Amino acid sequence: MSGAVLLERERLTSGTTWHTAGLLWQLRPSDVEVELLAHTRRVVSRELEEETGLHTGWIQNGGLFIASNRQRLDEYKRLMSLGKAYGVESHVLSPAETKTLYPLMNVDDLYGTLYVPHDGTMDPAGTCSTLARAASARGAQVIENCPVTGIRVWTDDFGVRRVAGVETQHGSIQTPCVVNCAGVWASAVGQMAGVKVPLVAMHHAYVVTERIEGIQNMPNVRDHDASVYLRLQGDALSVGGYEANPIFWEEAVKSRTGAAGGLCLKTSTVKGCTVCSDDLRRA
């Protein structure tokens, strides 16, 4: 880790980090992703706290994928088989078994669910701060309030463009390697080096409910067909989803209100209700 430098445009977690969902679902269709997520879970749930003494906010309340059609249930059965190969415990449940696990859920139109008991939720800000502490202890430097203004590149004898350094408002850093982890600004950072990043940021709304009796310790829920999720948040739920006709960043940024990270945007009540209607069917 020695020699690594993290440049933060403002303060750590002041951008999108503080209001991300922090959900960790271990099962994905790609075996590479399953291995990566298993590693992430070990780091977040155990190793970071052992190394730094700081808590990442990890809560192991499990994850539940719901299938409202036969094709989706078959997909979840394949995911369960993939999980077995990589040591990820999971169970395909019938609607009745799902009701026993999650009594508050409406299961009338379900074909079944995929339950992963060791999925969970982390605190995004806490995890970021703990990662920064661990990196610093291993010799990395974390420099806040230091936006990148440019990336110097050069072309070698084979015509390959290579990084030479990074420019900031406070000076230059010579380096042959840059890791672009700028989130919604990744495309802009990539352009500094003449690289097109295939990433499009979009407006995303979520709603936090009032206290719900009996919701404590219930698993997080994901409905892939409706593109919505329900995240346990103490004795309430955080409900979010993605629209079929999203508002892209170029449009949303026009409504920016200038919060600490420049990402506090006006929300659309109509779009929020469209997303939540799919979630409310589960109540």
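Scroll up a little and you will see the structure.
In this report, the structure presented in the accompanying data block is examined. (Residues numbered from 1 in each chain as written. Predicted model: local features only at pLDDT ≥ 70, side-chain atom pairs only at ≥ 80, totals over all residues. Heavy atoms only, no water.)

What follows concerns the packing of aromatic side chains. Summed over all chains, the structure comprises 2 aromatic pairs. On the numbers, 5.2 Å between centres and 50° between planes, the contact of Trp25 with Phe65 is tilted. Of this pair, Trp25 sits in the loop between β2 (23-24) and α1 (31-52) while Phe65 sits in strand β3 (residues 63-67), and the two are 40 residues apart along the sequence. The class for Trp25 is buried, based on a relative accessible area of 5%. Centre to centre, the rings of Phe65 and Tyr76 are 5.5 Å apart; their planes meet at 45°, and the pair counts as tilted. Of the two residues, Phe65 is situated in strand β3 and Tyr76 in helix α2 (residues 70-85); the sequence distance between them amounts to 11 residues. Here Phe65 matches Tyr76 in class, with each residue buried. A network of ring pairs unites the aromatic residues Trp25, Phe65 and Tyr76 as a single cluster. (Phe/Tyr/Trp six-rings, centres within 6.5 Å; stacked < 30°, edge-to-face > 60°. Helix = DSSP H or I, 4+ residues; strand = E, 2+ residues; numbered from the N terminus. Buried < 20%, exposed > 50% of the residue type's maximum accessible area, 1.4 Å probe, protein only.)

This next bit is on the pairing of strand β5 (residues 112-116). Among the 5 residues in β5, 5 count as buried, and that is most of the element. By the alternation rule, side chains of β5 split into Gly112, Leu114 and Val116 and Thr113 and Tyr115, which are all buried. In this sheet, β5 lies alongside β3 in antiparallel orientation, the contact comprising 5 bridges. Bridge pairing links Phe65 to Leu114 in β5. (Pairing = 2+ DSSP bridges.)

With that out of the way, let us pick up the environment of Gly241. Counting through the fold element by element, Gly241 comes out in strand β14 (residues 236-241). Looking at Gly241, the relative accessible area reads 4%, which means it is buried. In this structure the C-alpha to C-alpha distance between Gly241 and Tyr229, which are 12 residues apart in sequence, comes to 6.1 Å.

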